[in-house]
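Structural characterization, general
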Amino acid sequence: MRRAISKKFFYPVLVIFFSMIMVMMPPYVSPYTIILLNSIFMYIVLTVSWALFSGPTHYLSLASAAFFGIGIYVSAILGDKLPLLVVIGLGGFISFLLALLVGLSSLRLRGMYFTIFTFGLSELIRHSVQWWEVNRTGTVGRWVIGVDHTTVYYIMLAILLITLVVAYILKHSKYGLALLSIGESEEAADHIGINVNAMKIITFAISTFFMGTTGAIMATRWTYIDPSIAFNPLFSFMPVLMAIFGGIGHIFGQILGASVLTLLADVLLTKFPYYYMLLYGMILVIVVLFLPKGLTGLKEEVKKWQEGRSFK
Amino acid sequence: MRILEGEGVRKNFGGLAAIAEVSFHINQGEILGLIGPNGAGKTTLFNLISGSLAPTAGIIRFKGENITGMKPHQICKRGMARTFQLVKLFGNMTVLQNILLGSLFGTPKSILQSDAVNDSSKLLEIVGLSGMGTILAKDLTIVNQKRLEVARALATKPELLLLDEFMAGLTPTEVSLAIELIKKIRDRGITVFMIEHVMKAMMSVSDRIIVLHYGEKIAEGIPDEIATNPIVIEIYLGA
């Protein structure tokens, strides 16, 4: 507890400082930088919101793509009918409602059964949408109304900041503590007055709200989407990898993991287009093997190493 | 006054009646012991009372209210807490956080975080864990883990505390400390219902004892009656 209090002001101040820079930046940087930053913001939101629920509770969800994809489809269907901000809000809200339903139906599932369920759910939604499009609307893909990169940038920045604020407040509230206890022992948590099921379902739904909003705004970047783009399982796996890579227990680690891996993917893709996935995979394997606590665990490793040396 | 009352409580697991038509009651302020051979259904009865399991038949009343079929967190908020036979702590959280959670969530009215921290530190002292607040729960010795579990249960401000084999695996010195702690808890006005195999401790601390055997209540009475009851001696205590 003491540590949490002494750092109470450090991160908020850091975030305000960075966001001020981010707000003023667009006129001075290249469009390429803006596009890259949009990707980074998107992955940070996906990672932080995934870790909001799956981090403390240890319920490993592989359904991020489902909620991200729902946001994308909301944007594709309603993008030319409603104002952009309403579309984005709806993308989040529909994800939230679906997550409540999913939560209610998967309450009894634990461990890998929950993981497989969420992955199956994601695939089920993808195939259902595909079936609907082919058999009912008679198309495979859809056009999305384009929005300029700077607008996407500012909206993504806003979503990112809201996600971070919500994640930070939740983590440092008594509910954050309760989520951790659920991850440790659900039965004990239930017996000391924590409404375990309500906590799990609501947190899961809140986390998917951000995924849905992100999908709705990022959809405008693709201009053409189909179910295999919108519900690409990679959007489920990447947040998990990024959280593990950065350090699953710290919001800062999640941000770091998402940023570094997005940048790394971008560099590898442009410099080594043929070996991109191979190199990317190797780096991930090395990190998981040698830094089980992620990049934020590096600090502890270095400290341990230095202490070890000073004894010699 | 009866704080807890069970009427014809039954629990079937498939064809097996783990608890068969057991009726019982606990008076406010007493220490009631529950004994019986392994597999007698003692922990099952605790699970039925605390809401871990729903009874197949029968009614359980707590402070006059029917709590049959309620969830553990609802029952906890009404003033009942328990510990587990195999300790169930939040291992990767600190000792203080473990207790804090009990006081933040276990009471019907929400409580200020600062008050919760104060209460939790006091409880650390009461169970004999002062100075260990920042240690991870999993790093405690077994005795201390059991004490922490009691502290966490007490943090929910219970009127009735269920202790499931609090003394199992403790050394004789630790057992006498545990007896003192249980008496201290009773002196705070908390009713105690405890499962125990350590007979000496049970006889000295309980006001009354219930004996279970194959899911049925075979005896009930003050410790002396139980110790001399021929059926209990034959089935459980041994000659």
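Higher on the page you've got the structure.
The following paragraphs examine the structure supplied in this document. (Residues numbered from 1 in each chain as written. Chains lettered and ligands numbered in written order. Predicted model: local features only at pLDDT ≥ 70, side-chain atom pairs only at ≥ 80, totals over all residues.)

Here we look at the overall build of chain B
- Helix and strand content of chain B: 9 helices and 10 strands.
- Relative to the 2.2 N^0.38 estimate, which gives 18 Å for 239 residues, the radius of gyration of chain B is 18 Å and therefore close to what a compact globule would have.
- Seen along its three principal axes, the alpha-carbon backbone of chain B occupies a region of about 50 × 40 × 35 Å.
- At a minimum sequence separation of 6, the contacts of chain B that also span at least 24 residues come to 66%. (Helix = DSSP H or I, 4+ residues; strand = E, 2+ residues; numbered from the N terminus. Rg over C-alpha atoms; globule rule 2.2 N^0.38 Å. Contact = placed C-beta atoms within 7 Å.)

A look at the pairing of strand S1 (residues 2–13) of chain B
All names here are of chain B.
- Two strands pair when backbone bridges link them, and S1 and strand S2 (residues 16–27) are joined in this way by 8 bridges, in the antiparallel orientation. In the strand pairing of S2, Phe13 is matched with Leu16.
- If you look at the hairpin formed by S1 and S2, you'll find 2 residues sitting between the two strands, and Gly14 has a positive phi there, around 65 degrees.
- Of the strand pairs in this sheet, S1 and strand S4 (residues 57–62) are connected by 5 bridges, and their pairing is antiparallel. Bridge pairing links Leu4 to Phe62 in S4. (Pairing = 2+ DSSP bridges.)

Topic: the nonpolar core
- Counting residues in each nonpolar core, the largest one holds 81 residues, and the members touching the most others are A:Ala178, B:Ala151, B:Leu161 and B:Val192.
- Apart from the residues lying within four places of it in its own chain, the contact partners of B:Val192 are B:Ile31, B:Leu161, B:Leu163, B:Ile182, B:Ile185 and B:Arg186.
- Counting 70 residues, the second largest nonpolar core, distinct from the first, contains A:Phe41, A:Ala51, A:Ala66 and A:Ile88. (Core = buried A, V, L, I, M, F, W, Y, C linked by C-beta atoms within 7 Å. Buried ≥ 20, exposed ≤ 12 C-beta atoms within 10 Å, placed from the backbone.)

Examining the interface of chain A and chain B
- Each partner contributes to the interface: chain A provides 17 residues, whereas chain B provides 25 residues.
- Of all elements in the fold, only helix H8 (174–184) and helix H9 (186–191) of chain A reach the threshold of two or more residues within the side of chain A that touches chain B.
- The dominant element in the side of chain A that touches chain B, judged by the number of residues it contributes, is H8(A), at 6 residues.
- Considered class by class, the residues forming the side of chain A that touches chain B number 8 nonpolar, 5 polar and 4 charged. (Nonpolar A, V, L, I, M, F, W, Y, C, P; charged D, E, K, R; others polar.)

Here's the deal with the sheet that holds strand S10 (residues 216–221) of chain B
Residue and element names in this part refer to chain B.
- In spatial order, the strands read S6-S7-S8-S3-S9-S10; together these 6 strands make up an open sheet with mixed pairing. The open sheet is flanked by strand S6 (80–82) and S10, the only strands paired with a single partner. On average, adjacent strands in this sheet sit at an angle of 15 degrees to one another, irrespective of strand direction.
- Running over the sheet, helix H1 (residues 42–50) touches strand S3 (31–35), S6, strand S7 (160–164), strand S8 (191–195) and strand S9 (208–213) and is turned about 150 degrees from S7. (Axes fitted to C-alpha atoms, helices over the stretch in contact; angles between N-to-C directions.)

Quick notes on the environment of B:Ile179
Residues and elements named next belong to chain B.
- The topology assignment puts Ile179 in helix H6 (residues 172–187).
- Accessibility expressed as a C-beta count within 10 Å gives 18 for Ile179, which makes it partly exposed.
- Considering only alpha carbons, one finds Ile179 and Met202, 23 residues apart in sequence, at a separation of 8.9 Å.
- With near-sequence residues (within four places) excluded, Ile179 lies in contact with Ala201, Ser204 and Val205.

Quick notes on H8(A)
- Along H8(A), the residues that are buried comprise A:Leu177, A:Ala178, A:Leu179, A:Leu180, A:Ser181, A:Ile182 and A:Glu184.
- Structurally, H8(A) contributes buried residues whose contacts are with helix H3 (31–57), H9 and helix H10 (196–222) of chain A together with helix H3 (95–105) of chain B.

Some words on the pairing of S4(B)
All names here are of chain B.
- Summarising the sheet, S4 and strand S5 (residues 65–66) pair through 2 bridges and their orientation is antiparallel. Looking across to S5, one finds that Phe62 is bridged to Glu65.
- Adjacent in sequence and paired antiparallel, S4 and S5 are bridged by 2 residues, among which Lys63 carries a positive phi angle near 55 degrees.

Things to note about the packing of helix H4 (residues 64–78) of chain A against helix H6 (residues 111–137) of chain A
All names here are of chain A.
- Between H4 and H6, the shortest axis-to-axis distance is 8 Å and the interhelical angle comes to 30 degrees. It follows from the interaxial angle that H4 and H6 lie roughly parallel. Each of Ala65, Ala66, Gly69 and Tyr73 in H4 lies in contact with H6, whose residues at this interface are Leu121, Ser122, Ile125, Arg126 and Val129.
- Partitioning the contact of H4 with H6 into residue classes produces 6 nonpolar, 2 polar and 1 charged. (Parallel < 35°, antiparallel > 145°, perpendicular 65-115°, else oblique.)

Topic: the packing of H8(A) against H10(A)
All names here are of chain A.
- At a closest axis distance of 11 Å, the pairing of H8 and H10 adopts a crossing angle of 110 degrees. One way to sum up the angle between H8 and H10 is to call them roughly perpendicular. Where H8 approaches H10, its residues Tyr175, Ala178, Leu179 and Ile182 are matched on the opposing element by Val196, Met199, Lys200 and Thr203.
- Here the contact of H8 with H10 is composed, by residue class, of 6 nonpolar, 1 polar and 1 charged.

Some remarks on helix H12 (residues 234–246) of chain A
Residues and elements named next belong to chain A.
- For H12, with 13 residues, the first-to-last C-alpha span of 18 Å sits near the 18 Å given by 1.5 Å per residue.
- For H12, the buried fraction is high: 10 of the 13 residues fall into the buried class.
- Looking one or two places after H12, you find Gly247, whose phi comes out positive at around 130 degrees. (Expected span 1.5 Å × (residues − 1).)

Re the sheet that holds S5(B)
Residues and elements named next belong to chain B.
- Strand order in the open sheet formed by 4 strands is S2-S1-S4-S5, and the pairing between neighbours is antiparallel. Each edge of the open sheet is held by one strand with a lone partner, namely S2 and S5.
- Packing of H1 onto the sheet brings it into contact with S1, S2 and S4, and relative to S2 it is tilted by some 65 degrees.

Observations concerning unusual backbone geometry
All names here are of chain B.
- Even without glycine at this site, Lys63 takes up a positive phi of about 55 degrees.
- Topologically, Lys63 is positioned in the loop between S4 and S5.
- For Lys157, which is not a glycine, the phi torsion comes out positive at approximately 55 degrees.
- Residue classification places Lys157 among the partly exposed positions, given that 19 C-beta atoms sit within 10 Å.

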